[in-house]
Amino acid sequence: MNTNHIRSIRRRFMAFVLLVALSLASFSVTDVNAAALPSLEADATPENMLRILKAYNKDGSFLAGYALPRSSFVDFLTSYGYIEPGASAADSIDTVVHESFHEFAVPNIASNAGSVVENEEKIYIGSKKSVRVVFTDVFRTKEMAKTVPARCRTSHYGYKQGDRFSTYVKDVNNNMASDYDGVYGLLNEFGGYCWGMDANNSLFSYRDRFADTTETWGSFITEGESDMLAYIEFKYYILHYLYYARQHHPEVYKGIINNKNFRRAYRLTEKRFSELIDEYEELLDEAADKLADNGYNLAVDELPLRRQYNVMTKELNKSQYKAMQKAATKR
């Protein structure tokens, strides 16, 4: 496994034009002393991000605490632009937790500070627990790219490094786990986006408590919409990989689908991610109601990535993907 295989693309797309009231009613679920927390404009330093996560997100705090304090990891995030110049701590936490998940899954992968255990990964499932997944035989993910229909080749507004289909499935290289490690690399990315969304959702109450700008809520929704689409994209990539394997590489398919820990890690990650989608939708509804009370309109159905999400949701309702979902989640 190459030690540079976790190069995730930055999740930034076209800014939303939102009108947000300066003060929204509290949605806090945690009693936190405001004076003890960094402001929304605080720099994206390890200290600021860890303080916010410790107050609002236990899982994100665990993952980031595992990797973020190490200078080699901070250097990695900076050098690859995951922490953008001038970004605030709040706006960087989704990405930082995502990348910390990768570092937890395969220790030292970012820092190159030691040997990497090949052919296995630890998939975090919450509450400081993980599932050790040992790889079976795979084929390169890009082999299946030609069989992905155009409607499922999603595009992302404002991505500087291309869309996720190109980055993780089609135009990939030897350093990308999503290609080189096949379905196990796709599962790794699926988990990264899952726990990044978990952190972003949990920061709603933090933003709600301190928010006074349109940009603040735009950032929350930008990250949430991107993560929401990542859920349906990577679920599709994983299930399509299995479907393609069953047709063209039956022995590879048999090895993967009989891998009990793969099934457990996928089942628990997909379940948690799905719950986060529901939670995020409730947060948007709550924000929309508050905005409506103050004369503003948040047209959730018109957010830019919703159409693509709906197209891929429809695709996954096809019988072959339902069959793959059933096989991949078997207990």
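Higher on the page you've got the structure.
Attention here is on the structure that accompanies the text. Quantities reported herein were computed from a predicted structural model and do not represent experimental measurements. (Residues numbered from 1 in each chain as written. Predicted model: local features only at pLDDT ≥ 70, side-chain atom pairs only at ≥ 80, totals over all residues. Heavy atoms only, no water.)

1. Quick word on the overall build of the protein
Keep this limit in mind: Think of it this way: any DSSP run of H or I at least four residues long counts as a helix, any run of E at least two long counts as a strand, and we number them from the N terminus. Think of it in three bands: residues with accessible area under 20% of the maximum for their type are buried, residues over 50% are exposed, and the middle band is partly exposed, with areas taken using a 1.4 Å probe on protein chains only. Two residues form a contact once any of their heavy atoms are found within 4.5 Å. In these tables, accessible area is a Shrake-Rupley quantity obtained with a 1.4 Å probe, and a residue counts as shielded only by the protein chains included in the view.
Regarding its fold elements, the protein presents 13 helices and two strands. By the burial criterion, 57% of the 331 residues in the protein qualify as buried. In the protein, 79% of the contacts between residues at least 6 apart in sequence involve partners at least 24 apart. When the accessible area of the protein is evaluated, it comes to approximately 14100 Å², of which 48% is carbon and sulfur surface.

2. Quick notes on the nonpolar core
Worth spelling out the cut-off: Only buried residues count toward a nonpolar core, which is a set of Ala, Val, Leu, Ile, Met, Phe, Trp, Tyr and Cys residues joined through side-chain atoms within 4.5 Å.
The biggest cluster of nonpolar side chains holds 97 residues, and the ones touching the most others in it are Leu242 and Phe262. Per-element accounting of this core gives the leading share, 18 residues, to helix 9 (residues 214–248). Excluding residues that lie within four positions of it along the chain, Leu242 makes contacts with Tyr253, Ile256, Ile257, Met324 and Ala328.

3. Describing unusual backbone geometry
Positive phi outside glycine occurs at Ser127, with the angle close to 55 degrees. Position of Ser127 among the secondary structure elements: in the loop between strand 1 (120–126) and strand 2 (129–134). Backbone geometry at Lys128 places phi at a positive 65 degrees, although glycine is not the residue there. Mapped onto the elements, Lys128 comes out in the loop between strand 1 and strand 2. Owing to a relative accessible area of 62%, Lys128 belongs among the exposed residues under this scheme.

4. Considerations on the packing of helix 2 (residues 58–67) against helix 4 (residues 89–105)
Note the threshold: Interaxial angles span 0 to 180 degrees and are taken between N-to-C directions of axes, which are lines fitted to C-alpha atoms, for helices over the stretch in contact. For any pair of crossing helices, the crossing counts as left-handed if the nearer helix is rotated counterclockwise from the farther one by less than a right angle, and right-handed if it is rotated clockwise. For this scheme, ten residues count as nonpolar: Ala, Val, Leu, Ile, Met, Phe, Trp, Tyr, Cys and Pro. Four count as charged, namely Asp, Glu, Lys and Arg, and the remainder, Gly too, count as polar.
Where helix 2 meets helix 4, the axes come as close as 8 Å, and the angle between the chain directions of the two elements is 65 degrees. Along this stretch, helix 2 crosses helix 4, giving a crossing that reads as left-handed. Residue-level contacts link Gly60, Phe62, Leu63, Ala64, Tyr66 and Ala67 of helix 2 to Val96, Val97, Ser100, Phe101, Glu103 and Phe104 of helix 4. Tallied by class, residues from the contact of helix 2 with helix 4 come to nine nonpolar, two polar and one charged.

5. A closer look at helix 2
Turning to helix 2, its buried residues are Asp59, Gly60, Ser61, Leu63, Ala64 and Ala67. Among the structural elements, helix 1 (46–56), helix 3 (71–79), helix 4, strand 1 and helix 7 (182–202) are those in contact with the buried residues of helix 2.

6. Details of the side chain of Asn201
What counts here: Counted as a polar contact is a pair of N or O atoms within 3.5 Å, where, for protein atoms, one must be capable of donating a hydrogen and the other of accepting one, and residues adjacent in sequence contribute only when both atoms are in side chains.
Turning to its location among the elements, Asn201 is positioned in helix 7. Its relative accessible area of 3% is what places Asn201 among the buried residues. A distance of 3.1 Å separates the side chain of Asn201 from the side chain of Glu279, its partner in a polar contact. If we ignore the near neighbours within four places in the chain, the residues touching Asn201 are Phe220, Leu276, Glu279, Tyr280 and Leu283.

7. Structural notes on the pattern of salt bridges
Rules: Think of a salt bridge as a Lys or Arg side-chain nitrogen and an Asp or Glu carboxyl oxygen that are within 4 Å of each other.
Scanning all chains against the criterion turns up 13 salt bridges. With a shortest N-O distance of 2.9 Å, Arg132 and Glu120 are connected by a salt bridge. Highlighted residues: Arg132 in strand 2 and Glu120 in strand 1, separated in sequence by twelve residues. For Arg132, a relative accessible area of 48% translates into the label partly exposed. A salt bridge links Asp198 to Arg272, with the shortest nitrogen-to-oxygen separation between them at 2.6 Å. One end of the pair, Asp198, is in helix 7; the other, Arg272, is in helix 11 (residues 260–293), and 74 residues separate them in sequence. One network of salt bridges, in which partners are shared, links Asp198, Lys271, Arg272 and Glu275.

8. Digging into the packing of helix 1 against helix 4
Packed helix pairs are characterised by how far apart their axes lie and by the angle those axes make with each other. Threshold: Under this scheme an angle from 65 to 115 degrees is roughly perpendicular, one under 35 degrees roughly parallel, and one over 145 degrees roughly antiparallel; angles in between are oblique.
With their axes 10 Å apart at the nearest point, helix 1 and helix 4 run at an angle of 80 degrees to one another. In terms of their interaxial angle, helix 1 and helix 4 are classed as roughly perpendicular. Along its contact with helix 1, which presents Asn48, Met49, Ile52 and Leu53, the element helix 4 presents Ala89, Ala90, Ser92, Ile93, Val96 and Val97. Residues that form the contact of helix 1 with helix 4 fall into these classes: eight nonpolar, two polar and no charged.

9. A word on the pairing of strand 1
Cut-off, in case you're wondering: A pair of strands counts as paired when DSSP detects no fewer than two bridges linking them.
Of all seven residues in strand 1, five are buried; the element is thus mostly enclosed. Of the pairings in the sheet, the one linking strand 1 to strand 2 comprises six bridges and is antiparallel in character. From the neighbouring strand, Ile123 faces strand 2, where its bridge partner is Val131. From the end of strand 1 to the start of strand 2, which pair antiparallel, there are two residues, and Ser127 there has a positive phi angle of about 55 degrees.

Function-wise, these values are silent; they only describe arrangement.
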